[in-house]
Structure formats: C-alpha cells, structure tokens
Amino acid sequence: MGRQWIAAFLAAMTAILQVTAYTEPILKADKVFAQKQIELYDLFWHLDQPAVYSPELYEVAKSWNIADHVDDYIDKEVSNKFLGLLKNGMLPRGVLFHVHSNIQTQMIALFDLLYFAKDYDTFYKTAVWARFHINEQMYQYCLFIAILHRPDTKHIHLPYLYELTPHYFFNEDVIFKAQRIQMEGVENKKEKSHLINANYAGWFINQEHDMEWKLNHFTEDIGMNTFYAYITAIFPGWMESEKYKLMKDVRGESYYFLHKQILARYYMERLSHDLGQVEYIDWDKPIVTGYYPSMVHPTGLPFPRRPSWSHVPLNKYKNVERINNIESRISIAIDSGKIMTKNKSNYHELYRNYMQDMNYLGNMIQGNVDSPFLRFYDSLDRLSRNILGYGQDPSSKHQAVPSILDMSVANMRDPGFYRMYKKIVDLFLKYKSNLPLYTQEELEFPGVKIESVSVDKLVTYFDTVESIISNGVAVRDEKEAKTLLIEARQQRLNHKPYTYNITIDSEKNTKGWIRIFLGPKYDVYGHEIDMIDNWMNFFEMDKWVVDLKLGTNEILRSSHESFYVTPDEMSTSKFLEMVKHTIHTEEGYKYSSQMYGFPDRMMLPKGKPEGMLFKLFIYISPYNEYISADVDIPVYGKKHFEFKPMGFPLDRPMYYYDKTIPNMYWKDVPVFHKKV
C-alpha cells in the first residue's frame with residue numbers, strides 16, 4: 001500500500017505536460033495527385049473566354065462526344081437525360097445563373113454527368129467538354145461541387161473564389177478600374193503588377209441614419225464569404241443524401257449550427273461597435289435594414305437594391321403569404337411535438353431523440369430534398385432569400401437577375417442575411433427552450449477539475465491584403481491571360497496569435513474533450529447578461545481531445561490549432577509553383593486534408609482600444625470512444641468528431657455552474673483593438 005501511495009504521489013508531482021490534440025493529418029501529394037491538381041485547377045480560369053485561355057483544352061473538348069460514351073457513366077440514364085436536355089436547349093452561355101433558379105433540373109443533370117463518371121479520365125474529359133459548351137456560371141458551380149464530392153478528387157485544392165469571380169467580392173468601381181488597366185494595354189506598363197485600393201460597399205454614400213456600415217469589415221470580408229460558400233457546399237439543398245452518399249444523420253443539425261455560430265460571432269462584432277441585438281423581421285412591416293450592394297454581375301447587370309425602411313415589393317406578396325403559412329406550420333410542429341412526414345398517417349415525434357429531432361427540424365426548415373414533407377413545409381430558407389433579396393421576376397426562365405441572397409459567395413455581405421437567419425434560428429431556439437436543462441450529473445466529469453485558465457493578451461488590429469482579380473477582365477490571348485496581374489488591396493480584421501494555458505487536476509489517467517467558447521458579458525446598454533438568456537450567443541472557438549495523466553496536467557493550445565480554422569491562403573502563384581515542382585521532380589508537397597474553414601484571423605471580435613470584456617467558457621467532458629470517430633468529409637477533411645449535440649453543453653438553456661461543476665471554468669477576458 002505504501003509503495004502504491006508513493007507511486008501515485010510521484011506521478012502527481014511529475015505529470016506536468018503539454019497535451020497534444022487530435023488534429024487532421026498532413027498528407028503528401030505524389031506526382032499523380034499533383035497532375036490532377038494542375039489539370040483541374042486550369043479548368044476554372046476565364047470561363048467566359050474558354051478557347052483564349054487554353055487552346056489545348058479546346059482540342060480535348062473537340063475529341064470528346066458524350067453520346068459516344070453513354071456507357072462510361074455509372075448509370076446510362078444520367079447521360080441520356082443530360083443529352084435530352086441538351087437537345088431541347090439548356091441555359092445559354094453569357095447569361096446569369098443561380099442555384100435557386102427554375103433551371104435547377106439542368107444544373108442537377110450536369111452535376112450528375114460529372115459526379116457519376118465511372119473514372120477520373122471520363123470525369124476530366126466530360127469537364128473539359130462542358131467548359132466549352134455549357135453556361136459558364138452553371139459549369140463553375142457544378143464542377144466546384146463535383147470535385148468536392150467525388151472520391152477520386154478528394155482534397156484537390158480549388159482556386160480561391162474571390163480570384164475566380166471578383167465581381168462577387170469587390171465593388172463595381174474596383175472592377176471598372178481593373179478593366180481600364182487591361183484596356184490600356186499591359187505592354188505599355190513598366191510595373192509587373194497593378195494594384196487597386198478597394199473600399200467597402202457604400203463608402204460614397206452618407207449613411208448616418210444606418211450604422212450597419214460600421215460592420216462592413218466583417219460582412220464583406222472575402223475570407224468569411226468564401227468560408228460560407230465552402231461550408232454550404234458540403235450539404236447543398238438540392239443534393240439527396242442517399243443518392244450522393246452524404247452524412248444524412250447530421251445534415252439538418254449542421255444547417256442550424258453553422259448559422260447559429262455566424263450569428264453569435266456577428267453579435268459580438270456588433271457589440272464592439274456599440275450596436276445592439278439584430279432587429280426582428282416582420283414581413284408585413286417595413287424592412288428596417290437596407291442594402292446597396294455597389295456590385296455588378298459579370299454580365300454588367302447590377303444587383304437588386306433594398307432601400308432602408310421599405311415595404312416588401314408587390315411581386316413578393318404571394319411568397320409572403322406562403323411564408324407566413326409555413327412559419328405557422330413549423331411553430332405548430334415544434335409546440336405540438338409532431339412533424340408531419342410524407343406518409344401522412346405517420347408523424348415524427350419530437351422530444352424523444354434530440355439528435356434525430358435536430359436533423360428533422362433542420363431539413364424541414366431549410367427545405368432541402370431530405371425534408372420530412374417538402375410539399376407541406378416548403379423551404380423557409382429559400383422563401384426568405386427570395387423575399388428579402390428584392391429581386392424582380394424574370395421575363396423568361398433564362399433571364400434571371402440574382403440578388404445577393406441568391407449567391408452563396410456573397411450572402412454574408414447583406415445585413416439582411418443576419419436578420420433572416422435570426423428569424424430562422426429562433427425557431428430552433430423555440431424547440432430548445434422546451435427541452436429540460438442538463439442536470440449537474442450530465443455535465444460533470446468525476447475526478448477531473450479545471451484549476452486555472454490563462455490566455456495571452458487578446459489584441460485585434462487591421463492590416464491589408466492583396467487579392468488577384470485578373471480573372472474579372474477580358475484578355476486578348478493566352479499569354480495575357482497567364483501573365484496579367486491585377487490586384488485589389490483591402491483592409492481586413494486580424495488578431496495577434498494567442499495561447500490558452502489550462503491547468504487540470506485529474507484523479508486518474510483518462511481522456512477528455514475540451515471545448516472553448518467566447519460570448520458577450522454585457523449587452524449594448526452595459527448590463528451583464530444572465531446566462532439563461534445568453535447561452536445562444538456563445539461562439540464555439542475550439543474543441544479537441546486530451547490525454548490526462550494522474551495529477552496535474554498543464555495544457556497549452558495555440559489559437560492556430562483550432563478545430564474550426566484555416567490560416568491565410570497561400571498565393572496562387574506560390575501554390576502552382578509548389579505543385580509544378582512535384583510534377584517535374586517527383587518531390588511530393590505536403591498539404592492538409594482540410595480545404596477551408598473559419599478564417600483564423602476572424603476568430604476574435606474587434607473589441608475596443610481600452611479593452612472590451614467578453615466571457616470565456618472552458619469545459620472538459622469525458623471521452624467516449626463509442627460516440628467518437630475520425631470522419632472524412634468534404635471541405636473539413638479528416639477530423640475527430642464526438643457525436644454529441646453540436647455546441648454541447650451550450651446547445652440548450654443553462655445557468656452558470658462555475659462553483660458547483662469543477663470541470664467548467666468561466667473567465668472574463670478583455671479584447672483590445674490597436675492601430676498597427
């Protein structure tokens with residue numbers, strides 16, 4: 001007994017360690033992968049001038065005929081359906097496209113042709129053919145999604161969306177200046193590159209009555225908008241889970257958690273600028289927040305505008321009537337605990353299985369093809385976008401002018417986006433408010449206590465970033481397409497790196513999940529927010545698995561290691577140099593399985609020069625190997641997941657447990673904003 005006590009004592013004294021996280025693997029690209037990378041990367045550029053950019057691809061396209069290769073697709077019906085639509089006339093080149101348009105049947109047929117190609121060679125030649133024959137915007141979208149979801153193109157790095165379609169990330173004056181530079185002729189310029197200073201939307205308009213301009217650095221951040229486009233590409237609303245082998249059991253909850261996270265982060269940014277809660281939208285009353293996009297489509301058509309305090313346009317009244325009915329049906333389903341399904345004699349009973357409930361609710365509210373009863377519940381998401389976008393009805397199915405809310409690459413620019421999703425997320429919160437609070441026993445980790453938490457000084461600042469926008473202008477020939485370099489410089493929010501230092505005492509050797517959240521401490525009036533009214537405003541910063549030893553464990557975790565983030569992107573030129581080096585030398589380059597994530601530099605709210613207090617919440621729970629696993633999903637790559645409610649334990653109303661539950665820790669942290 002004495003020796004055992006001494007051994008335990010020594011273990012307790014010496015178990016001061018830095019704990020390593022379960023992170024996604026770093027992979028090494030071989031020559032075959034690098035060749036795929038170059039081939040697919042090339043397909044995206046100058047889609048409106050396909051033959052000019054790469055005449056070699058045109059030769060490949062001329063040699064491929066889908067009608068001669070109908071058996072080279074997993075299902076012959078896929079190719080036959082596409083050929084039938086092609087014969088009857090598909091969306092012409094040079095006109096606008098968006099996912100929610102009435103030509104979705106054509107889009108899915110093209111996607112299926114790419115997705116169900118039997119092998120990579122068939123897929124590639126089909127993609128090359130489509131580059132020259134299909135509407136360029138529809139082609140870009142389908143190719144983008146197909147590469148993300150095909151097994152043989154997994155982890156292929158896609159061009160940055162703001163480089164492919166700068167029209168959707170920069171103001172029209174920036175695009176106009178870029179076009180003038182190209183028109184004047186680059187051969188007369190001594191500079192190797194041309195730099196344009198880019199401002200945010202509406203900088204030339206007096207907006208004293210509307211303080212939303214203070215948040216333009218957040219809403220118009222090119223990294224944030226790219227992040228949203230990528231994450232929504234994991235579960236596009238039109239993709240059937242069974243048909244395309246999606247992770248159907250988390251689809252609906254993922255939809256909720258993504259938008260809840262964005263709203264929490266957005267609210268903290270509002271507080272940093274002395275703005276309060278997002279106002280509630282009533283479709284029958286004037287829409288408080290207007291939006292003036294200051295952008296044009298690649299065709300030159302302007303985006304629809306929404307004046308401040310304007311009533312919903314007359315052409316949207318039918319949808320307003322429809323959405324009021326849908327909201328009522330969803331509210332009744334949540335309150336009654338019964339969701340109607342396609343089999344009208346059966347209902348899904350809520351409040352029995354939380355994980356299953358959230359999936360049903362998410363699919364139902366988004367109105368994706370996995371909805372329990374799409375005809376009855378329709379799509380609250382799609383209808384909201386249609387109304388708030390203020391777009392006009394097209395004169396024909398091929399003449400739509402998409403609004404900002406129709407374009408996933410630009411959704412977050414519109415302040416209405418956050419109002420719309422506050423209304424949607426509130427329906428999920430309505431369901432959660434009917435759930436019982438977690439008991440102390442459900443939240444405890446017996447024998448484990450967080451003793452202390454410290455974190456480096458949190459400092460934000462503005463810096464500048466240059467983005468290549470050359471793809472947004474017409475070129476004369478292939479040489480100009482590959483040498484013209486026009487960049488836009490813009491301010492962006494950033495923060496200094498910081499490290500968490502967490503000290504945990506454990507009475508045994510065990511594993512645990514650590515989660516870190518950041519949320520507001522005070523509301524806009526300076527009143528401290530009670531946790532029972534504040535839990536939904538916490539933004540999940542990180543989560544990871546730790547191995548705890550008997551005794552004291554010191555855990556260091558860098559902000560750059562977060563489960564959710566990706567660092568600043570490598571420039572296109574450096575990336576292509578690295579890939580080509582592998583092809584020429586067969587020296588493989590290293591890459592992460594995570595293609596994109598929340599921008600690392602945007603994790604912290606701006607704060608204030610004198611410091612602004614926020615509340616940090618650290619929680620460790622027992623690791624359960626039966627509900628934890630490595631999962632490889634598009635965009636996020638291979639990650640270690642715990643199949644608990646997303647956002648646990650702040651996934652439902654709760655109180656402070658800072659004294660009664662030792663595996664929780666609350667800490668006030670100031671965020672300072674400095675000029676650099």
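Our structure is the block above this text.
Values in this document were obtained by computation on a predicted structure and should not be read as measured data.

(A) Structural view of the overall build of the protein. Summing up its helical and strand segments, the protein has 22 helices and 18 strands in all. For 676 residues, the compact-globule formula gives about 26 Å, and the C-alpha radius of gyration of the protein, at 26 Å, lands near that figure. Dimensions of the protein, computed from C-alpha atoms along their principal axes, come out at roughly 85 × 65 × 55 Å. When the 676 residues of the protein are sorted by exposure, 57% land in the buried category. One finds the centroid of the 78 positive side-chain charges in the protein at a distance of 1 Å from the centroid of its 85 negative side-chain charges.

(B) Looking closely at the packing of helix H6 (residues 104-115) against helix H8 (residues 136-149). At a minimum axis separation of 9 Å, H6 and H8 run at an interaxial angle of 40°. In terms of orientation, H6 lies oblique with respect to H8. Every pair of crossing elements has a handedness; the one defined by H6 and H8 is right-handed. Residues Gln-106, Met-107, Leu-110, Phe-111, Leu-114 and Tyr-115 of H6 touch H8, and the partners they reach there are Met-138, Tyr-139, Tyr-141, Cys-142, Leu-143, Ile-145, Ala-146 and His-149. Residues that form the contact of H6 with H8 fall into these classes: 12 nonpolar, 2 polar and no charged.

(C) Up close: the packing of aromatic side chains. Per the counting criterion, the structure on display carries 48 aromatic pairs. Where Phe-218 meets Tyr-266, the ring centres are 5.9 Å apart and the plane angle is 40°; that geometry is what we call tilted. Of this pair, Phe-218 sits in helix H11 (residues 216-219) while Tyr-266 sits in helix H14 (residues 251-272), placing them 48 residues apart in sequence. Across the pair, exposure class does not vary: Phe-218 and Tyr-266 are buried alike. Where Phe-538 meets Trp-666, the ring centres are 6.1 Å apart and the plane angle is 85°; that geometry is what we call edge-to-face. Pair noted here: Phe-538 is in the loop between strand E9 (510-520) and strand E10 (539-548) and Trp-666 is in strand E18 (residues 664-673), with a separation of 128 residues, a long-range link. For Phe-538, a relative accessible area of 0% translates into the label buried. Owing to a relative accessible area of 12%, Trp-666 belongs among the buried residues under this scheme. Aromatic rings pair up to connect Phe-218, Tyr-228, Tyr-255, Tyr-256, Tyr-266, Phe-417, Tyr-418, Tyr-421 and Phe-428 into one cluster. We note Arg-131 situated over the ring of Phe-132; from NZ or CZ to the ring centre the distance is 5.8 Å. Sitting over the ring of Tyr-438, Arg-652 keeps its end group 4.1 Å from the ring centre.

(D) Representation of the pairing of strand E15 (residues 612-622). Most of E15 sits out of view: 9 of its 11 residues are buried. The pairing of E15 with E18 spans 8 bridges and is classified as antiparallel. Paired with Lys-615 across the strands is Asp-668, a residue of E18.

(E) Representation of the environment of Asn-325. Counting through the fold element by element, Asn-325 comes out in helix H15 (residues 317-336). Taking C-alpha positions, Asn-325 is 45 Å from Ser-559, a pair spaced 234 residues apart along the chain.

Definitions and limits used
- Residues numbered from 1 in each chain as written.
- Predicted model: local features only at pLDDT ≥ 70, side-chain atom pairs only at ≥ 80, totals over all residues.
- Heavy atoms only, no water.
- Helix = DSSP H or I, 4+ residues; strand = E, 2+ residues; numbered from the N terminus.
- Rg over C-alpha atoms; globule rule 2.2 N^0.38 Å.
- Buried < 20%, exposed > 50% of the residue type's maximum accessible area, 1.4 Å probe, protein only.
- Lys, Arg positive; Asp, Glu negative; His and termini not counted.
- Charge placed at Lys NZ, Arg CZ, Asp CG, Glu CD.
- Axes fitted to C-alpha atoms, helices over the stretch in contact; angles between N-to-C directions.
- Parallel < 35°, antiparallel > 145°, perpendicular 65-115°, else oblique.
- Left-handed = near helix turned anticlockwise from the far one by under 90°.
- Contact = heavy atoms within 4.5 Å.
- Nonpolar A, V, L, I, M, F, W, Y, C, P; charged D, E, K, R; others polar.
- Phe/Tyr/Trp six-rings, centres within 6.5 Å; stacked < 30°, edge-to-face > 60°.
- Lys NZ or Arg CZ within 6 Å of the ring centre and 35° of its normal.
- Pairing = 2+ DSSP bridges.

Keep in mind that these numbers describe shape and distance, not what the molecule does.
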